[in-house]
Amino acid sequence: MPDSEYLFSLAMFVLGLALGSFANVVISRVPEGRSFVRPGSICPHCASPIRWRDNIPVISWLILRAKCRDCASPISWRYPLVEVASALLWFIAVLAFGVGIQAVIAGFFFWMLLILTFIDIDTMRLPNPIVAVMGAVGMIAAVASQLTGLGLAPLTTTGVIASPFAAAIVGSVTAAGLSWGIAASYERMRGQAGLGMGDVKLLAAIGPFLGPYTVGVLFVGSILGALFVSMNVSSRKDGAGAKVPFGPFLAGAAVLIALFGPEVLSWYLDLVKLT
Ligand SMILES: [Zn+2]
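What counts and what doesn't
- Residues numbered from 1 in each chain as written.
- Predicted model: local features only at pLDDT ≥ 70, side-chain atom pairs only at ≥ 80, totals over all residues.
- Heavy atoms only, no water.
- Phe/Tyr/Trp six-rings, centres within 6.5 Å; stacked < 30°, edge-to-face > 60°.
- Buried < 20%, exposed > 50% of the residue type's maximum accessible area, 1.4 Å probe, protein only.
- Helix = DSSP H or I, 4+ residues; strand = E, 2+ residues; numbered from the N terminus.
- Donors = N, O, S within 2.8 Å, 3.2 Å for Na, K, Ca; no water.
- Tetrahedral: all angles 85-135°; square planar, octahedral: opposite > 155°, others 65-115°.
- Salt bridge = Lys/Arg side-chain N within 4 Å of Asp/Glu carboxyl O.
- Axes fitted to C-alpha atoms, helices over the stretch in contact; angles between N-to-C directions.
- Left-handed = near helix turned anticlockwise from the far one by under 90°.
- Nonpolar A, V, L, I, M, F, W, Y, C, P; charged D, E, K, R; others polar.
- 1 Å grid on protein atoms, 1.4 Å probe; cavity = no way out; pocket = protein on both sides within 12 Å on 5 of 7 lines; lining within 4 Å.
- Points joined across faces, edges and corners; volume = space filled by probe spheres on them.
- Contact = heavy atoms within 4.5 Å.
- pLDDT = per-residue confidence, 0-100.
- Domains from an automatic or database assignment.
- Buried area = accessible area lost by both parts, 1.4 Å probe.
- Polar contact = N/O pair within 3.5 Å; in protein donor to acceptor, adjacent residues only side chain to side chain.

Description of the packing of aromatic side chains
Taken as a whole and judged by the stated rule, the model has seven aromatic pairs. Taking the centre distance of 6.0 Å and the plane angle of 40° together, the rings of Phe-109 and Phe-110 count as tilted. The buried category is assigned to Phe-109, whose relative accessible area is 0%. Overall, the relative accessible area of 1% leaves Phe-110 in the buried class. Ring centres of Phe-228 and Phe-249 lie 5.4 Å apart, and the angle between their planes is 50°; this geometry places the pair in the tilted category. Here Phe-228 is found in helix α8 (residues 214–235), whereas its partner Phe-249 is found in helix α9 (residues 247–274), with 21 residues between them in sequence. A relative accessible area of 33% places Phe-228 in the partly exposed class. A relative accessible area of 15% places Phe-249 in the buried class. Members of the aromatic cluster, joined through ring pairs, are Phe-22, Phe-36, Phe-108 and Trp-111.

Here it is as structure tokens:
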């Protein structure tokens with residue numbers, strides 16, 4: 001690894017840790033409609049303000065041995081988990097997309113998906129403002145790519161649709177349209193919602209980042225979700241599946257496709273050509 005790449009990936013890792021800490025604040029406050037700027041971090045049990053030295057990602061949690069300094073209530077392992085996951089995602093963005101703005105856009109995309117994953121797990125909702133901000137940043141990056149020729153977004157290029165802006169629109173519209181069609185027909189057949197409108201909007205917001213590959217997110221996400229549900233149902237004694245949020249599977253599929261989508265597709269096309 002050259003020095004510049006080493007420094008850049010280290011900087012992104014540290015940025016990812018700090019943004020992971022911020023992600024925890026967004027995850028806990030945005031669904032309740034609270035400001036994520038004020039007040040500063042407080043203990044959810046005793047409401048004591050958290051000192052800056054106790055608010056260092058991961059390290060403070062380890063030093064405090066997962067207990068609040070004021071009331072000794074346990075601090076969830078989820079806080080350091082989100083911080084580490086965020087740092088790794090920003091780091092992986094550099095490995096996959098190299099030194100430059102595209103890696104920052106990929107890191108931002110992964111980071112937003114991480115936030116949405118945990119909010120969906122907690123609340124079964126994907127808040128519109130967060131999904132909209134993610135989609136808007138992706139669309140701005142696609143338009144900037146169109147105007148400047150810098151390859152910023154979509155992160156995946158196919159060569160089939162040369163225009164970044166067209167690829168972004170095609171990705172959004174096809175994936176959102178297809179998932180909306182599935183959601184509507186499923187609801188008609190079963191009288192209950194499987195895919196929600198939140199998932200449809202999430203796919204629309206993924207569109208600018210993955211272009212036509214966004215359709216693949218729907219399929220890979222469905223496979224991941226089906227695997228999870230089948231494993232869960234077989235391990236439950238009553239056999240009944242609790243309602244499972246779909247957003248985390250779409251988010252996981254989106255990260256996988258951003259990292260490996262083009263390689264897997266070209267491998268598959270080669271395979272098909274051989275037969
Ligand atoms: Zn406390």
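A closer look at the coordination of the zinc ion
The zinc ion binds to the protein through Cys-43 (SG), Cys-46 (SG), Cys-68 (SG) and Cys-71 (SG), with metal-donor distances spanning 2.3 Å. Note that the zinc ion binds four donor atoms; their angles at the metal cover 102 to 117°, and the shape is tetrahedral. Read in sequence order, the donor residues for the zinc ion give the motif C-x2-C-x21-C-x2-C. Here Cys-68 lies in the loop between α2 (59–63) and α3 (78–97) and Cys-43 lies in the loop between α1 (3–29) and α2, a separation of 25 residues in the sequence. By the burial criterion, Cys-43 is buried, and Cys-68 matches it.

A few points about the pattern of salt bridges
Under the counting rule described, the total for this entry stands at five salt bridges. Ionic pairing is found between Arg-51 and Asp-54, a salt bridge with its closest N-O pair at 3.9 Å. One salt bridge in this structure joins Arg-51 and Asp-70, with 3.2 Å as the shortest N-O distance. Of this pair, Arg-51 sits in the loop between α1 and α2 while Asp-70 sits in the loop between α2 and α3; the two residues are 19 residues apart in sequence, bridging distant segments of the chain. A cluster of three or more residues bridged by salt bridges with shared partners is formed by Arg-51, Asp-54, Arg-69 and Asp-70.

Quick look at the packing of α1 against α3
The geometry of a pair of packed helices is captured by two quantities: the angle between their axes and the separation between those axes. Across the interface, α1 lies against α3 with an axial gap of 7 Å and an inter-helix angle of 140°. Our pair here, α1 against α3, has a crossing hand that is right-handed. In the contact of α1 with α3, the residues fall into 15 nonpolar, six polar and two charged.

Some remarks on the layout of surface pockets
Taken as a whole, the second largest pocket encloses approximately 650 Å³ of empty space. In terms of lining, the second largest pocket is formed by 32 residues, of which the most central are Ser-41, Ile-42, Ile-50, Ile-75 and Tyr-79. Secondary structure elements with two or more residues in the lining of the second largest pocket: α1, α2 and α3. With five residues, α1 is the single largest residue contributor to the lining of the second largest pocket. Looking at the lining of the second largest pocket residue by residue, the class counts come to 16 nonpolar, nine polar and seven charged.

Re the side chain of Asp-199
Tracing the backbone shows Asp-199 in helix α7 (residues 197–210). Residue Asp-199 is classed as buried on the basis of its relative accessible area of 7%. Not counting residues up to four positions away in its chain, the partners in contact with Asp-199 are Leu-126, Phe-246, Gly-247 and Leu-250.

Points about the confidence of the model for the protein
Within the protein, residue pLDDT values average 90, and 92% of them lie at 70 or more. Element-level pLDDT for the protein is lowest in α8, with a mean of 86, against a maximum mean of 97 in helix α4 (residues 101–123).

Description of the domain arrangement of the protein
Assigned domains of the protein: these are domain 1 (1–99) and domain 2 (100–275). Contacts between the two partners involve 24 residues from domain 1, matched on the other side by 21 residues from domain 2. Considering only the side of domain 1, the residues that lose the most area to domain 2 are Leu-89, Trp-90 and Phe-97, jointly responsible for 35% of the buried surface there. Run the count over domain 1 and domain 2 and you get one salt bridge. Across the salt bridge formed by Asp-122 and Arg-78, the nearest N and O atoms sit 2.8 Å from each other. Our count for the domain 1 to domain 2 interface comes out at three residue pairs in polar contact (both at pLDDT 80 or more). Residue assignment for the side of domain 1 that touches domain 2 shows that the elements contributing at least two residues are α1 and α3. Grouping the constituent residues of the side of domain 1 that touches domain 2 by class yields 20 nonpolar, three polar and one charged.

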